[in-house]
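Each chain, letter by letter, is given below.
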Amino acid sequence: MPSSIMDPADASVVPPSPNSPSAASRRLLPWLVAVAFFMESLDTTILNTAVPTISAALGVAPLSMKAVLASYTLSLAVFIPISGWMADRFGTRRVFSTAIGLFTLGSLLCGISSDIHLLVACRILQGCGGAMMVPVGRLTLVRTFAKSDLLRTMSFVSIPALVAPMLGPIAGGLIVGYLHWRFIFFLNIPIGLVGLILVYKHLPDYRQAITPALDIVGLILFGSGIALLSYVLEIFGEHALSGREMSGLLALSFVLLAGYWIHAKGLPFPLLQLRLFSIRTFRAAVSGSFFTRLGIGGVPFLLPLLYQVGLGFTPIQSGLLIMPQAIASMGMKTIMPSLLRRVGYRVVLVSNTLILGVLLLVFATIGPGTPVWLIVLQAFIYGAFSSLQYSSMNTLVYADITDKDTSSASSIASTMQQMSVSFGVATAGLATAFFIPSTHSNAVEMVHGIHKALTALGVLTIASTMVFRSLKSGDGDDVSMHKVLHPGG
């Protein structure tokens, strides 16, 4: 068996076929998963710049479009936790192809919608597909590639998740400006159809021989708790609800999640295996990802605000100033494996998180007199280090996970990642609202307030390095191959 394929660690995992996946399938699999990640990530941001146009076309107020944006996020939050069980029960190929099919069908229906209520319903259908694409795609990669090859593979497929949020606003603006808003959704259709063909031909079909019954009570408790929490974060700072109502919904979401925790403790096969948090590498990767994103997760929200409102750049110019982050993210993947092999996960994550915090403090110095070349340079450096951060955290998740737990680990990691994105934007919004007066009347006050918000988020990011200090020098060596180069480390 080729070294790039790992033997199933548990006899209950049924391999895709009597033989290992072909060499062609192994080459195409990362591309297939990467394209699915790109579709899902792009769809969370591409609509933002088209909101005024779509609301006018549908004859509704722009504020009503919030339901179109929030419905997709809520759908992701609810259906991600169930994706691991579905992959074990029905097989990765069937679930992944169903996910792409639902996403593509939802895109088509969104594109032909003429009513906002129908558009919201179709966005929920899109979210059902998008929720399964990311965790099932990761699960397939983890079960196909050996841990020594996982870093290279996961760093490649993580690039779309970094690039798509940066391209989304630009792509949305160009489509609305030169085509029609419906093409925002139609863009997914040819990609989805090609993806379905490639999935059928090249995606391995891993499944469990015996799958425990679905934890229905856990799904209700966790799904409703996560959905409610996502909703609160989605409307945070918009004054759509009173402070008392927001606090009540937030408290209810925590009660539901606490109820799930109590419920899951007494079950041998809960919806999500919380016992995985007893594994040091998994706990550090998942919790570290969450707390780090509280700081750096607000950057895509704050930088366009700084560039457009504070410094007077157009949306296209603002997008071009952020583009170097995407270029650097792609470039970093070539040196990332050798870097982790040389120094290991603990050193990389502790030092890299510290560097990201410092870079946020540097962003807080950008003002009207800052040369454009310096802004571009800072964006490039930030993109490289953020790419290293995300890829390192995403691969460390599976360092000590057995094959029978990969589906649950993938579901937990994807759920926490989705929540951390919402929390990051909410944290940035809170910091901005705190430092920028509601009655601000000029760009100077806006720039000054965003600088303070970036400083606060930079300090928060630096503080999150404490999570990664719990790692030991040998953690993740099977993934980074650090032990091979430094057997004494």
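Use the structure listed above.
Source: prediction; values computed, not measured.

### Some remarks on the overall build of the protein chain
For the protein chain, the count of helices and strands is 22 helices and two strands. Buried positions account for 53% of the 489 residues belonging to the protein chain. Long-range pairs, those at least 24 residues apart, make up 85% of the contacts in the protein chain with a sequence separation of at least 6. About 20,100 Å² of surface is accessible on the protein chain, with carbon and sulfur atoms providing 70% of the total.

### Focus: the pattern of salt bridges
Charged atoms that come close allow side chains of opposite charge to pair. This structure, assessed with the given rule, holds two salt bridges. The residue Arg207 makes a salt bridge to Asp205 at a minimum N-O spacing of 3.9 Å. Here Arg207 falls in the partly exposed class, since its relative accessible area comes to 32%. Of the residues examined, Asp205 reaches a relative accessible area of 17% and is grouped as buried.

### Observations regarding the nonpolar core
Core analysis: the largest hydrophobic core is formed by 99 residues, its most contacted members being Phe96, Val157, Phe282, Tyr307, Phe363 and Tyr382. Sequence-distant contacts of Tyr382, defined by excluding residues within four places in its chain, comprise Ile296, Val299, Gln325, Leu356, Leu359, Leu360 and Phe363. Val68, Leu69, Ala164 and Ile184 belong to the second largest nonpolar core, which has 20 residues in total.

### Section: the packing of aromatic side chains
This model, assessed by the stated rule, comprises eight aromatic pairs. Seen from their ring centres, Phe290 and Phe291 are 5.5 Å apart, and the 85 degrees between their planes marks the pair as edge-to-face. Phe291 sits in the partly exposed class, given a relative accessible area of 40%.

### Section: the side chain of Thr353
Looking at the element boundaries, Thr353 is found in helix H16 (residues 345-363). Overall, the relative accessible area of 0% leaves Thr353 in the buried class. Contacts of Thr353, omitting those with residues within four sequence positions, involve Thr292, Val348, Gln389, Thr461, Ser464, Thr465 and Phe468.

### Quick word on a nonpolar patch on the surface
Where nonpolar side chains cluster on the molecular surface, the patch consists of Leu174, Tyr178, Leu179, Phe183, Ile316 and Leu320 and spans about 660 Å² of accessible area. Counting only elements with at least two residues in the nonpolar patch, the list comes to helix H7 (159-178) and helix H14 (315-332). Inspection of the secondary structure assignment puts Leu174 in helix H7.

### Digging into the environment of Val376
Inspection of the secondary structure puts Val376 in helix H17 (residues 372-396). The spatial distance from the C-alpha of Val376 to the C-alpha of Met323 is 8.5 Å, given a sequence separation of 53 residues. Non-local contacts of Val376, meaning those with residues more than four positions away in its chain, are made with Leu321 and Pro324.

### Overview of empty space enclosed by the protein
With the rule as written, the count across this model stands at one cavity of 30 Å³ or more. Reported here for the largest cavity is a volume of approximately 90 Å³. Lining the largest cavity we find Arg138, Ala285, Val286, Ser289, Met393, Asn394, Val397, Tyr398, Ala413, Met416 and Gln417. Contributions of two or more residues to the lining of the largest cavity are made by helix H12 (280-296), H17 and helix H18 (406-435). Partitioning the lining of the largest cavity into residue classes produces seven nonpolar, three polar and one charged.

### Re the side chain of His451
Looking at the secondary structure, you find His451 in helix H19 (residues 443-463). Those residues in contact with His451 that lie beyond four places of it in its chain are Leu306, Phe363, Ala364, Thr365, Ile366 and Gly367.

### A few points about the state of the cysteines
Inspection of the entire model under this criterion finds zero disulfides. Looking at the unpaired Cys110, the closest cysteine sulfur is the one in Cys122, lying at 4.9 Å.

### Description of helix H15 (residues 336-343)
Of all the positions in H15, only Met336, Pro337 and Leu340 are classed as buried. Buried residues in H15, looked at end-on, bunch into an arc of 100 degrees, giving them a common side.

### Focus on the packing of H12 against H19
Between H12 and H19, the shortest axis-to-axis distance is 7 Å and the interhelical angle comes to 160 degrees. By the angle between their directions, the pair H12 and H19 is classed as roughly antiparallel. Seen from above, H12 lies across H19 with left-handed handedness. Between H12, through Thr292, Leu294, Gly295 and Ile296, and H19, the contact on the second element is made entirely by Leu457, Leu460 and Thr461. Class assignment for the residues of the contact of H12 with H19 results in four nonpolar, three polar and no charged.

### Here's the deal with the environment of Ser422
Relative to the helices and strands, Ser422 resides in helix H18. Judged by its relative accessible area of 9%, Ser422 falls in the buried class. Along the chain, Ser422 and Val232 lie 190 residues apart, while their C-alpha atoms are 9.6 Å from each other. Leave out the neighbours within four places in its chain, and Ser422 touches Thr73 and Leu233.

### So, the packing of helix H1 (residues 23-43) against helix H9 (residues 188-202)
With their axes 10 Å apart at the nearest point, H1 and H9 run at an angle of 150 degrees to one another. Looking at the two axes, H1 sits roughly antiparallel to H9. The crossing of H1 and H9 is left-handed. When H1 is examined against H9, the residues Ala24, Ser25, Leu28, Leu32, Val35, Met39 and Asp43 are found in contact with a partner set consisting of Asn188, Ile191, Gly192, Gly195, Leu198, Val199, Lys201 and His202. Of the residues belonging to the contact of H1 with H9, the class tally is eight nonpolar, five polar and two charged.

Rules used throughout
- Every chain begins its residue count from 1, and numbering advances along the sequence as written.
- Only residues with pLDDT of at least 70 get local features here, since the model is predicted, and only at 80 or more are side-chain atom pairs given and counted; chain-wide, interface and lining totals rely on the full set of residues.
- Hydrogens and waters are ignored; side-chain quantities use all the structure's heavy atoms.
- Only DSSP runs of H or I covering at least 4 residues are called helices, and only runs of E covering at least 2 are called strands; the numbering of each starts at the N terminus.
- Partly exposed residues are those whose accessible area sits between 20% and 50% of the maximum for their type, while under 20% is buried and over 50% is exposed, using a 1.4 Å probe and protein chains only.
- We call two residues in contact when some of their heavy atoms are within 4.5 Å.
- We get accessible surface area from the Shrake-Rupley algorithm with a probe of 1.4 Å; when it comes to residues, only the shown protein chains can shield them.
- A carboxyl oxygen of Asp or Glu within 4 Å of a side-chain nitrogen of Lys or Arg is what we treat as a salt bridge.
- For this analysis, a nonpolar core means a set of buried residues of the types Ala, Val, Leu, Ile, Met, Phe, Trp, Tyr and Cys, connected via side-chain atoms within 4.5 Å.
- What counts as a ring pair is set by centres within 6.5 Å for rings of Phe, Tyr and Trp (its six-membered ring), and what kind of pair is set by the plane angle: stacked under 30 degrees, edge-to-face over 60, tilted for all other angles.
- Here a patch means residues that are over 30% exposed by relative accessible area and free of salt bridges, tied together within 9 Å if like-charged and within 5 Å if nonpolar (Val, Leu, Ile, Met, Phe, Trp, Tyr).
- A pocket here means an open set of points on a 1 Å grid, computed over the protein atoms alone, that has protein on both sides within 12 Å along at least five of seven lines. A cavity is instead a set of points where a 1.4 Å probe fits but cannot get out; residues with an atom within 4 Å of a point line either one.
- Grid points are joined across faces, edges and corners, and a volume is the space filled by probe spheres set on the points.
- Three classes are used: nonpolar for Ala, Val, Leu, Ile, Met, Phe, Trp, Tyr, Cys and Pro, charged for Asp, Glu, Lys and Arg, and polar for all others, with Gly counted as polar.
- To count as a disulfide, a pair of cysteine sulfur atoms needs to be within 2.5 Å.
- This arc corresponds to the set of directions leading from the helix axis out to the C-beta atoms.
- Angular values range over 0 to 180 degrees, each being the angle between N-to-C directions of two axes fitted as lines to C-alpha atoms, with helices fitted over their stretch in contact.
- Roughly parallel means an angle under 35 degrees; roughly antiparallel, over 145; roughly perpendicular, 65 to 115; everything else is oblique.
- By definition, any crossing whose near helix is turned counterclockwise from its far helix by less than a right angle is left-handed, and any crossing with a clockwise turn is right-handed.

So, to be careful, I would describe these as geometric facts and stop short of saying anything about function.
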